[in-house]
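Now for the letters of each chain:
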Amino acid sequence: MTETLPTRWRDHELHWHAHLSERSSSAKLCRNYDPDAVLLTPQAGAEWIAEQLTTHSTTTIAIEWHTPWGVTLDSPGIRDAARDRHTLAYGLSVDALLATTTGNLYLHVDPHTPEQCPHHKSQAKTL
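Thresholds, definitions, all that
- Residues numbered from 1 in each chain as written.
- Predicted model: local features only at pLDDT ≥ 70, side-chain atom pairs only at ≥ 80, totals over all residues.
- Heavy atoms only, no water.
- Helix = DSSP H or I, 4+ residues; strand = E, 2+ residues; numbered from the N terminus.
- pLDDT = per-residue confidence, 0-100.
- Contact = heavy atoms within 4.5 Å.
- Core = buried A, V, L, I, M, F, W, Y, C linked by side-chain atoms within 4.5 Å.
- Buried < 20%, exposed > 50% of the residue type's maximum accessible area, 1.4 Å probe, protein only.
- Polar contact = N/O pair within 3.5 Å; in protein donor to acceptor, adjacent residues only side chain to side chain.
- Phe/Tyr/Trp six-rings, centres within 6.5 Å; stacked < 30°, edge-to-face > 60°.
- Lys NZ or Arg CZ within 6 Å of the ring centre and 35° of its normal.

### Focus: the environment of L97
At step 1: As for its placement among the helices and strands, L97 is situated in strand β5 (residues 94-100).
At step 2: Separated by 35 residues in sequence, L97 and A62 have C-alpha atoms that sit 8.3 Å apart.

Following this line, the structure appears as structure tokens:
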């Protein structure tokens, strides 16, 4: 079965900056910090999210996803990677609060166009 993703991410030349932090911050504020990863496709974004969940799965109690359609609560073992791919491919961000046994972690995967990306802006200034 082949998955058909929205093409909005290609149409707008999007890539994503991924952040995982112990501090609460909005996606807008995260743009002031260097990302933990730069993701070039919706598939790479979904894989990064899955990797973070796997890394923290032994300490995660619950996951609160902030989605375009509202807040969704999942247990650590439940996540639909296809939902992540479609959300990212549509050009939306993925935000979540991971409640762990040692504290909270905040996950942000934020879309950027070349004009919005600090790295691309600095490259354009030097050319």
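### Here we look at the confidence of the model for the protein chain
At step 1: Of the residues in the protein chain, 74% reach a pLDDT of 70 or more, and the chain-wide mean stands at 79.
At step 2: Looking at the elements of the protein chain, mean pLDDT is at its lowest for helix α5 (residues 118-126), recorded as 53, and at its highest for strand β2 (residues 37-39), recorded as 94.
At step 3: Below pLDDT 50 for its whole length, residues 123-127 participates in zero contacts with residues either more than four positions away or in separate chains.

### A short note on the nonpolar core
Buried together is how nonpolar side chains tend to be arranged in soluble globular proteins.
At step 1: Residues W48, I49, L107 and V109 are the most contacted members of the largest nonpolar core, which totals 19 residues.
At step 2: For this core, the secondary structure elements donating two or more residues are β1 (15-21), β2, α3 (42-55), β3 (60-67), α4 (81-89), β5 and β6 (103-112).
At step 3: Among all residues touching W48, those that are not within four sequence positions of it are A18, H19, L20, D36, A37, L39, L107 and V109.

### A few points about the environment of T87
At step 1: As for its position among the elements, T87 is in helix α4.
At step 2: Residues T87 and P42 lie 45 residues apart in sequence; the distance between their C-alpha atoms is 8.2 Å.
At step 3: A distance of 2.8 Å separates a polar atom in the side chain of T87 from the backbone oxygen of R83.

### Looking at α4
At step 1: The complete set of buried residues in α4 reads D84, R85, T87, L88 and A89.
At step 2: Elements that come into contact with the buried residues of α4 comprise α1 (8-11), β1, α3, β5 and β6.
At step 3: G91 occupies a position one or two residues after α4 and carries a positive phi of about 95 degrees.

### Observations regarding the packing of aromatic side chains
At step 1: Overall, the coordinates contain one aromatic pair when judged by the stated rule.
At step 2: Between W9 and W16, the ring centres sit 6.0 Å apart and the planes meet at 40 degrees, which makes this aromatic pair tilted. For the pair shown, W9 and W16 are each scored as buried.
At step 3: The ring of Y90 is capped by R8, whose NZ or CZ atom sits 5.5 Å from the centre of that ring.

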